[in-house]
Amino acid sequence: MARWSSAHTMLATICFVCVWVHSSGSEYVRPPPRRIVCTSHNGSEAHPQQVHISVVGKDQMRISWITDDKSVPSLVEYGTSPGNYEASSTGEHTSYHFFFYTSGKVHHVKIGPLTPNTVYYYRCGGTGEEFSFRTPPATFPIEFVIVEWTASTLTHIKKWDYDLLLLPGDLSYADNQQPLWDSFGRLVSPLARSRPWMVTEGNHEIEKVPIIGPPAFRSYNARWLMPFEESGSTSNLYYSFEVAGAHIVMLGSYADFDAKSAQYKWLKDDLAAVNRLRTPWLIVLIHVPWYNTNLAHQGEGEDTRKAMEELLYKVGVDIVFAGHVHAYERFTKVYDNEANPRAPIHITVGDGGNREGLAMLFKTPASPLSLIREASFGHGRLKLVNQTHAHWSWHRNDDDNSVVSDEVWLESLGERRASKGVDGEESSAQARDEL
Ligand SMILES: [Fe+2]
């Protein structure tokens, strides 16, 4: 793997300091950075490292990995029993430069068609270690983990089963220090090669150095290729996918979003094509929250909210998940800053944050729209039990234990829309119950 030069180290450090200072608001002073988590590669240059998987279409999986050896083929062999590879696929590869850093060979191979809810064993590059993953179920129930990550949170996630992981950014917190992308890939690989990781970008993935530097998202786009082409998007920064009765939209906080933008037009078409009979659950993820009573990142999502919230409201989105703010906060169903029984609930699960620490300070008094808020590390779980009901729980990290600190049952707006229409009447008592 590429090595640091002293000049590179100095440049990266300057860039990192600039990003860190820029991300600190004038009112909120974030605690100083913690120790950086570093993982090393001890295998051969041909050994597949940083393996992760992501769903593509209704029955395919993309296998992504990196080798230092550029001669390794982009080949995945796979089957339903260990060591017996009944099928194989070849795919694409890329690499990139970032100042003095040169990445390894980044492989992306789509495999399938695959059978739902089935364990597959696979090998990358035609040799070496065997891995396995389980495909998501085709029908309810299905369970998602929604998280920003810390090393301890990843440990907690490992302890319980789930079907897919959704990550609304940030990912590596490399902030231009490219070897940290490799370290992050190695850290999360045991989880991310076993279950699909569907991600969208955060501010720490931008890595844009004006004038002299590479374009924004060079590393993110090369390493974390998501199914944007398969969902009609023209950018890896926003896309959608469907799994077991859920249509999931991954928006881009750092792509253009006004009414004339490609993202807005894509979102409008994507939402219009959703069939709530097939996918009664409609879920959106975006990095910067639209509703936020934490002092950190106040108002940052407001322009995006004003541009796109109406699109989400009109089609009856059930839940909007966000990251960015390193705390947990759950809002009531809300549209345009008012409680509304036909609007999505908003949940910020940005309580990972790598080395940045927690966002401890909230605005006072609390907004009545904000039902629970807590500055602790943790992760969320969303179980879609059937087409009408889901269970949301947030698990706080309490030292070595993961403790359920918030939970609520949700009812799909899709079911109501199917039975009552977009503007279906409901009793005020029912509306109050849901708020
Ligand atoms: Fe962020």
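For the structure given in this document, a descriptive report is provided here. (Residues numbered from 1 in each chain as written. Predicted model: local features only at pLDDT ≥ 70, side-chain atom pairs only at ≥ 80, totals over all residues.)

## Points about the overall build of the protein
Point 1. Looking only at helices and strands, one finds eight helices and 24 strands in the protein.
Point 2. Put simply, of all contacts in the protein between residues at least 6 apart along the chain, 68% involve residues at least 24 apart. (Helix = DSSP H or I, 4+ residues; strand = E, 2+ residues; numbered from the N terminus. Contact = placed C-beta atoms within 7 Å.)

## Focus on the nonpolar core
Point 1. Ranked by size, the top nonpolar core spans 99 residues in total, and within it Ile 63, Leu 166, Met 198, Met 250, Val 284, Val 320 and Phe 321 carry the most contacts.
Point 2. Of all the elements, strand E16 (residues 281-286) adds the most residues to this core, at six residues. (Core = buried A, V, L, I, M, F, W, Y, C linked by C-beta atoms within 7 Å. Buried ≥ 20, exposed ≤ 12 C-beta atoms within 10 Å, placed from the backbone.)

## Details of the sheet that holds strand E5 (residues 92-94)
Point 1. The sheet built from four strands is open, its strands ordered E1-E2-E8-E5 with antiparallel pairing. The open sheet terminates on both sides in strands that have one partner only, identified here as strand E1 (49-56) and E5. Averaged over all neighbouring strand pairs, the angle between strand axes comes to 20°, with direction disregarded.
Point 2. Here E5 runs beside strand E8 (residues 105-111); their pairing, made up of three bridges, is antiparallel. (Pairing = 2+ DSSP bridges. Axes fitted to C-alpha atoms, helices over the stretch in contact; angles between N-to-C directions.)

## Things to note about the packing of helix H5 (residues 262-272) against helix H6 (residues 302-314)
Angle between the axes and distance between the axes: these two values describe a pair of packed helices.
Point 1. Relative orientation of the contacting elements H5 and H6 amounts to 10°, with a least axis distance of 10 Å. Of the possible angle classes, the one that applies to H5 and H6 is roughly parallel. On H6, the residues that touch Tyr 264, Leu 267, Lys 268 and Leu 271 of H5 are Ala 307, Met 308 and Leu 311.
Point 2. Counted by class, the contact of H5 with H6 contains six nonpolar, no polar and one charged residues. (Parallel < 35°, antiparallel > 145°, perpendicular 65-115°, else oblique. Nonpolar A, V, L, I, M, F, W, Y, C, P; charged D, E, K, R; others polar.)

## Re the sheet that holds strand E4 (residues 87-90)
Point 1. Strands sit in the order E4-E3-E9-E10 across an open sheet of four strands; the sheet is antiparallel. Each end of this open sheet is capped by a strand with a single partner; those strands are E4 and strand E10 (130-134). Strand-to-strand twist of the sheet, defined as the mean angle between neighbouring strand axes without regard to direction, takes the value 30°.
Point 2. Bridge count for strand E9 (residues 119-124) against E10 is five bridges, and the pairing is antiparallel. Looking at the pairing, Tyr 122 lines up with Phe 131 of E10.

## Focus on unusual backbone geometry
Point 1. Residues Gly 112 and Pro 113 are joined by a peptide bond in cis, for which omega reads 5°.
Point 2. Checked against the element boundaries, Pro 113 lands in the loop between E8 and E9.
Point 3. The step from Gly 169 to Asp 170 runs through a cis peptide bond, and the omega angle for that step is 5°.
Point 4. Turning to its location among the elements, Asp 170 is positioned in the loop between strand E12 (164-167) and helix H3 (179-192).
Point 5. Positive phi outside glycine occurs at His 297, with the angle close to 60°.
Point 6. Mapped onto the elements of the fold, His 297 is located in the loop between E16 and H6.
Point 7. A tally of 22 C-beta atoms within 10 Å means that His 297 is categorised as buried.

## A short note on the pairing of strand E15 (residues 246-250)
Point 1. Of all five residues making up E15, five are buried, and the element is well covered by its neighbours.
Point 2. Residues of E15 alternate between two faces, with Ala 246, Ile 248 and Met 250 on one and His 247 and Val 249 on the opposite face, all of them buried.
Point 3. Where strand E14 (residues 239-243) meets E15, five bridges bridge the pair, whose relative direction is antiparallel. Bridge pairing in E15 links Phe 241 to Ile 248.
Point 4. Connecting E14 to the next strand, E15, in antiparallel fashion are two residues, including Ala 244 with a positive phi near 45°.
Point 5. Alignment of E15 against E16, held across five bridges, turns out to be parallel.

## What to know about H6
Point 1. In this model H6 runs 18 Å from its N-terminal to its C-terminal C-alpha over 13 residues, within 8% of the 18 Å that 1.5 Å per residue would give.
Point 2. By the largest-angle criterion, Met 308 marks the main kink of H6, which is about 45°.
Point 3. Every buried residue belonging to H6 is among Thr 304, Arg 305, Met 308, Glu 309 and Leu 312, and all of these are buried.
Point 4. Its buried side turned inward, H6 meets H5, E16, strand E17 (319-322) and strand E18 (328-335).
Point 5. Following H6 by one or two positions, Gly 316 adopts a phi angle in the positive range, close to 75°. (Expected span 1.5 Å × (residues − 1). Bend = angle between axes of the 7 residues up to and from the residue.)

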